[in-house]
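# What the coordinates show
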Amino acid sequence: MLQHLTRKHPHEERKVKANDREYNEKFQYASNCIMTSKYNMLTFLPVNLFEQFQEVANTYFLFLLILQLIPQISSLSWFTTIVPLALVLSITAVKDATDDYFRHRSDNQVNNHQSQVLIRGSLQKERWMNVRVGDIIKLENNQSVVADLLLLSSSEPHGLCYIETAELDGETNVKVRQSVSVPAELGDPNNLATFNGEVVCEPPNNKLDRFCGTLYWRDKKYPLTNQNMLLRGCVLRNTEACYGLVIFAGPDTKLMQNSGRTKFKRTSIDRLMNTLVLWIFGFLVCMGVILAVGNAVWEKEVGSLFQSYLPWDPPVDNFLFSAFLSFWSYVIILNTVVPISLYVSVEVIRLGHSYFINWDRQMFCSQCNTAAEARTTTLNEELGQVEYVFSDKTGTLTQNIMSFNKCSINGQAYGKGTNKLKCDMLDFTPFNPLANPDFCFYDEKLLESVKVGDWHSHEYFRLLSLCHTVMSEEKSEGELVYKAQSPDEGALVKAARNFGFVFRSRTPGTITTTELGRTVTYSLLAILDFNNIRKRMSVIVRNPAGRIRLYCKGADTVLLERLHPCNQELMTITSDHLNEYAADGLRTLALAYRDVSEEEWEVWSESHRSADKAVDCREDRLAAAYDKIEQDMMLLGATAIEDKLQEGVSETIALLSLANIKVWVLTGDKQETAVNIGYSCKMLTDDMMEVFTISGRTVQSVRQELGNVRERMIEEGQEGDGVAGDDQLQGSPCPLPPTYLMDNISGEFGLIINGHSLAHALEADMEVEFVSTACACKAVICCRVTPLQKAQVVELIKKHKKAVTLAIGDGANDVSMIKSAHIGVGISGQEGIQAVLASDYSFAQFRFLQRLLLVHGRWSYLRMCRFLCYFFYKNFAFTMVHFWFGFFCGFSAQTVYDQFFITLYNIVYTSLPVLAMGIFDQDVPDHRSLECPKLYEPGQLNLLFNKKEFFICIAQGIYTSVVLFFMPYAVLSNATQSTGVPLADYQTFAATTATALVIVVSVQIALDTGFWTVINHVFVWGSLGLYFTIMLALHSQTLFRIFPKQFHFVGCAQSTLLQPVVWLTIALATAICIVPVLAFRFLKLDLKPQLSDTVRTHLVSESRLGARGGSRSGYAFAHQEGFGELITSGKNMRLSSLGLASFASRHSSSWIETLRRKNTPPSSSGDCSPVRFLC
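Residues numbered from 1 in each chain as written. Predicted model: local features only at pLDDT ≥ 70, side-chain atom pairs only at ≥ 80, totals over all residues. Heavy atoms only, no water.

### So, the overall build of the protein
What counts is decided by this rule: Numbering of helices and strands runs from the N terminus; a helix is a DSSP stretch of H or I covering at least four residues, while a strand is a stretch of E covering at least two. Accessible area is worked out with a 1.4 Å probe on protein chains only. A residue is then buried under 20% of its type maximum, exposed over 50%, and partly exposed in between. In what follows, a contact means two residues having at least one pair of non-hydrogen atoms within 4.5 Å. All accessible areas in this document rest on Shrake-Rupley with a 1.4 Å probe, and a residue is counted as covered only by the protein chains that are shown.
When its secondary structure is counted, the protein shows 42 helices and 35 strands. With 1175 residues in all, the protein has 57% of them scored as buried. Residue pairs in contact within the protein that sit at least 24 positions apart in sequence constitute 76% of those at least 6 positions apart. Summing over all exposed atoms, the protein offers an accessible surface of approximately 49,200 Å²; the carbon and sulfur share of this is 57%.

Here it is as structure tokens:
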């Protein structure tokens, strides 16, 4: 359990003094020790037992055990309850202890990591758990950041250092941070020992992208921002060493603030079972009261007549006290309506389902040698009830791998795309010794164009080698390593490298390339940086000949309108290529250039410097300056990069959609990137009525935009249905309320919302509006969200929709979301194992989610529901016989069956068959579950086990108990043996009723079982045979001679089972119990069959994906503003930068309709198969 996460901070600001532990300790800041475990050696037993006895059932059975220890009221031995109770508590305790052991081990590994701390003027090794706020820490290359640090100095020029933030935001690229702008003397580690600056900053919070504070030192103030901070979870890269001041430690760090609490997850069936246990207990009390009243009346009216020779046993002295004791006796006897073996059986079944997931070879990833893993055994059936899936993007839907796929140069399209089998991959090595051998391209025409000296091809790749913010590191001659913050910009630079235009290095004022074997150095005059409004970036360079040229790449929607009018014909051709690439699911950019004269450059440079130094509206002035020079450009062409989705993502989302599961993408990426991935994976489609965007930055604007979206959805939904038009609404005396209209919208809509807008939408006064709007959409994408916002979105749906949620991610930034959802799934990908460790289930590929839900989840839900229905039925049939017998035994709490039958009924005679059904049962094979996703809907609607089904089960059980009691009673009361000896004795009646009960419930489970295995046959018929074997043994003379006081039914089985009338009675009781069930099921199958019944008799066609359509911009530029300025500022050029042209593809949603049609093929005979229609 995370400590201090909700600790109250007495001040609105935090004060930290460097190298002064005594000063900082008075504020009682959290230490750097992390504790996620729940128990220790002393607290485990009492705390675990306390937690277990919070379960209603465990408390109930403990209460019964206490009652059984009272001899005056107990008709059964105490061991019938204490053995199964101890077994359940032990199994649960072992499981909890094992889980907590791994948490302890993980905590110890983290807390015992070594760090270098500056103590009394020298660096000393200290464990992470002993680091304190105010300490100065030394970090070396590739070390993890120990706490949230203020960067004081770095071994790199200008105080820069480079970090990898995959554990925080899921991004695997390198980012730059800069030390606080203090005098250079702090760069000397010897001077850090005397550093006594004081930091005043904001208190601990979960905002990863914001930090506000001030450093006071030597009567000067230095502003602090997030660019000066190194957060826990980051890893130092490409930096020899740096020093930082601990600001937040342990649970106060932003990483831990975003982790959220570890929550105990329970399924809806668990919660329903607790409710049913309370109801059954109430029903048990009512039966006890009825029988106790009967005992009081009988003792007063009849029992008093026998007092002379059958007096009451002490301490009973009147009929009321006898009734009181009789009530508790019947509570003990009738407690088997909910035996504790139910909970043991549930855990065994869940364990079996977990092993099936672990053993599923179709969920094994051979590429990374990773199998699926069920990390919990308590949530399997809830996998069959999921309605909302919340997914991360990078590394979850995508492979985070980019490849240069196609391009258009001067109106000529190049690249064979996906038709790779018909052409060979180009070998660049003979042409270019610096080529990357891993680069793949399949169109030799482009290489020939470069070789023959085509000017446009040369300018195209020259632009790609110059217009970027990538950093280059040459480890050895010709061995280049590019450091790009975004993988798609890196892919463009690698493409230029392979085609002969190799980016080699850069300084603040130059870019050095190798062009077709010739080294060329360009003067870098300016970088016109990217932002989300501009959607483009440009560089202005001077070549060795002195000519100044501007190179620009960006979204076609903004770049094409800035072209010179003479480009009209070329623009038309290139636009067609861009639409084609976007339809293929590729991320696109347009490329252009323009020559700049010296005079124009001088004038523009001066205006640019003025805008750069402006205090007010600096960004607007820079944007105006950029826009002024980015005009009348000449079009070069376009790029098309494949942002590779994981295998099977589109198909998986399609199947989930057909199963009525809504998929939301919650990502920290930019809007353009996320939207294009949405189109690539078919979440967003061109056949949607409309895709709405919420981008307001104020509460009022977000509220207004949400209102406008709802109005448009209602309007378009009504138009699409052709109902509720204006005339109809005007003529209606009672117009439909907006909430009703939102809940019944039939159109398909998409919603995109960014992090700023989402922060307002999640506020208490607006959350209902947001939920109603978002849940009416088929697809929702939330961009630029923090880890905590991901969790808040999940909690919001849980709160307002009461639906089962599943969160899936692969990075530490997804942990909070994974913990908040009902079910958390971790993908073991490229971003560490934090998500896997926090998850309930894990596997290697997103596509395995369809099998986890539609096969394992649906089967687990089906099996658990059938198990529970049968279990309650068989126990009510068993227990209620005691209730009817009470009216014929003077309400004396006499049991119908002998004590050993009562003990063994749930443990031996009926336990294995129902376990086999609960573990192995299927209604349809796995491939048909995938072919017909509609089979998943009963779980979402909770149709197979609910309060109604529960009452049906107990009604059938009560009916069976009536037949099992009164049929033998009626027949045997006047029956005799062949010798004339009457059969109307207690032991014969008990043996007959017990035998009839075992046979009836065995036949019933045979009818309930839908999938027979060898194990089912062995367990069902073997349990029936075992009953007769044990019965004959317990009633034998051998055991009676050894234990005469324990075995009273000596010879009963042998004499009873030899009587034909007994077997006739058993057969008649079985027929009366089973025939109505068979008749009802046959009628239901004929008149109102379930979809699974129909699927079993019809073949479902294999799903196929197809159809593309529409044209749109595939632009997405995953870049961050400000790095162009950093490059040209004269600071260290080892910065791993970011730009990147990403973009995406767009496919028509008609492929989903095609999938539906493929699942509903027309019958050649003209008839319409129900399964084909419903699937």
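Still more to cover.
### Looking at the packing of helix H11 (residues 444–451) against helix H12 (residues 455–466)
Between two packed helices, what matters for the description is the angle formed by their axes and the separation of those axes. We count it as follows: Convention adopted: a line fitted to C-alpha atoms gives each axis, helices being fitted over their contacting stretch, and angles between N-to-C directions are expressed from 0 to 180 degrees. By the definition adopted for this analysis, an angle is roughly parallel if under 35 degrees, roughly antiparallel if over 145, roughly perpendicular if from 65 to 115, and oblique otherwise. For this classification, Asp, Glu, Lys and Arg are treated as charged, while Ala, Val, Leu, Ile, Met, Phe, Trp, Tyr, Cys and Pro are nonpolar and the rest, including Gly, are polar.
In contact at an axis separation of 8 Å, H11 and H12 are set at 100° when each is read in the N-to-C sense. Taken together, the axes of H11 and H12 are roughly perpendicular relative to one another. Taken together, the residues of H12 that come into contact with H11 (itself represented by Leu446, Ser449 and Val450) are Ser457, His458 and Phe461. Here the contact of H11 with H12 is built from residues that sort into three nonpolar, three polar and no charged.

### A closer look at empty space enclosed by the protein
Stated precisely, the cut-off is as follows: Cavity means a closed set of points on a 1 Å grid over the protein atoms alone, one where a 1.4 Å probe fits but cannot get out, pocket means an open set with protein on both sides within 12 Å along at least 5 of 7 lines, and lining means a residue has an atom within 4 Å of a point. Grid points are joined across faces, edges and corners, and a volume is the space filled by probe spheres set on the points.
Applying the stated criterion across every chain, the model contains five cavities of 30 Å³ or more. By volume, the second largest cavity amounts to about 100 Å³.

### A word on the nonpolar core
As a reminder, the rule being used: Residue types Ala, Val, Leu, Ile, Met, Phe, Trp, Tyr and Cys, when buried and joined through side-chain atoms within 4.5 Å, form a set referred to as a nonpolar core.
Ranked by internal contacts, the top residues of the largest apolar core, which has 107 residues, are Leu342, Leu868 and Phe901. Broken down by element, the residue count for this core peaks at 18 residues, all from helix H28 (residues 848–886). Setting aside residues up to four positions removed in sequence, Phe901 forms contacts with Phe878, Tyr909, Ala994, Leu997, Val998 and Tyr1027. Of all hydrophobic cores here, the second largest spans 50 residues; its members include Met363, Ala372, Ile661 and Ala779.

### Quick notes on the pairing of strand E26 (residues 634–645)
Threshold: Pairing between two strands requires that DSSP report at least two bridges joining them.
Burial analysis of E26 places nine of its 12 residues in the buried class, which makes it a mostly covered element. Direction of pairing for strand E25 (residues 587–596) relative to E26: antiparallel, over a ladder of seven bridges. By the bridge assignment, Ala590 is partnered in E26 with Ala638.

### Looking at the sheet that holds strand E8 (residues 198–201)
Hydrogen bonding along the main chain pairs the strands of a sheet, whether they run parallel or antiparallel. Taken in spatial order, the four strands make up an open sheet running E1-E8-E9-E10, and their pairing is antiparallel. For this open sheet the edge positions go to strand E1 (14–17) and strand E10 (220–224), each flanked by a neighbour on one side alone. Neighbouring strand axes in the sheet, compared pairwise and without regard to direction, differ in orientation by 20° on average. Pairing analysis gives five bridges linking strand E9 (residues 213–217) to E10, with the strands arranged antiparallel. Bridging from a neighbouring strand, Trp217 pairs with Lys220 of E10.

### Side note on the sheet that holds strand E32 (residues 823–827)
Strand order in this open sheet of nine strands is E14-E33-E32-E31-E15-E27-E30-E29-E28, and the pairing throughout is mixed. Bordering the open sheet on either side are strand E14 (373–374) and strand E28 (690–694), each of which pairs with just one other strand. Looking at chain direction, strand E15 (residues 386–391) and strand E31 (residues 804–809) are connected through five bridges and run parallel. Within the sheet, the bridge partner assigned to Phe390 lies in E31 and is Ala807. Contacts from helix H25 (residues 787–801) reach E15, strand E27 (662–666) and E31, with the element oriented near 170° to E15.

### Some details on the side chain of Thr1070
Cut-off, in case you're wondering: Polar contact criterion, stated in full: a pair of N or O atoms within 3.5 Å, where within protein one must be able to donate a hydrogen and the other to accept it, and residues adjacent in sequence count only if both atoms are side-chain atoms.
Position of Thr1070 relative to the elements: it lies in helix H38 (residues 1060–1087). Residue Thr1070 is classed as buried on the basis of its relative accessible area, which comes to 13%. In this structure the side chain of Thr1070 is engaged in a polar contact, spanning 2.8 Å, whose partner is the backbone oxygen of Ile1066. Residues within four places of Thr1070 in sequence aside, it is in contact with Ile999, Val1000 and Val1003.

### Side note on the pattern of salt bridges
What counts is decided by this rule: Basic side-chain nitrogens of Lys or Arg form a salt bridge, by our definition, when they fall within 4 Å of a carboxyl oxygen of Asp or Glu.
Evaluated as defined, the whole model comprises 41 salt bridges. Lys138 is paired through a salt bridge with Glu140; the nearest N and O atoms lie 3.7 Å apart. With a closest N to O distance of 3.1 Å, Arg462 and Glu515 form a salt bridge. Taken as a pair, Arg462 in helix H12 and Glu515 in strand E21 (residues 510–515) lie far apart in primary sequence, 53 residues in all.

### Quick notes on the UniProt feature "active site" (unreviewed entry) in the protein
Our working definition: UniProt positions are given in the numbering used here, feature names are shortened, and annotations may be inferred rather than shown by experiment.
Those places that UniProt annotates as "active site" (unreviewed entry) correspond, in this numbering, to Asp392. On the accessibility criterion, Asp392 (3% relative accessible area) is buried. Once residues within four sequence positions are removed from consideration, Asp392 is found in contact with Leu397, Leu666, Thr667, Lys790, Ile808, Gly809, Asp810, Asp814 and Met817.

### What to know about the environment of Ser122
Checked against the element boundaries, Ser122 lands in strand E3 (residues 122–127). We classify Ser122 as partly exposed; its relative accessible area is 32%. Considering only alpha carbons, one finds Ser122 and Leu192, 70 residues apart in sequence, at a separation of 9.8 Å.

### Concerning the pairing of strand E6 (residues 160–164)
Counting buried positions over the five residues of E6 gives four, a clear majority of the element. Both E6 and strand E12 (residues 235–237) contribute to a ladder of three bridges, which runs antiparallel. Its bridge partner being in E12, Ile163 is matched across the sheet by Leu236.

### Some details on unusual backbone geometry
A positive phi is found at Asn19, a non-glycine position, where the angle reads about 60°. Topologically, Asn19 is positioned in the loop between E1 and helix H1 (21–25). One non-glycine residue with positive phi stands out, namely Arg218, at about 55°. Tracing the backbone through its elements, the reader meets Arg218 in the loop between E9 and E10. Accessibility expressed as a relative area gives 53% for Arg218, which makes it exposed.

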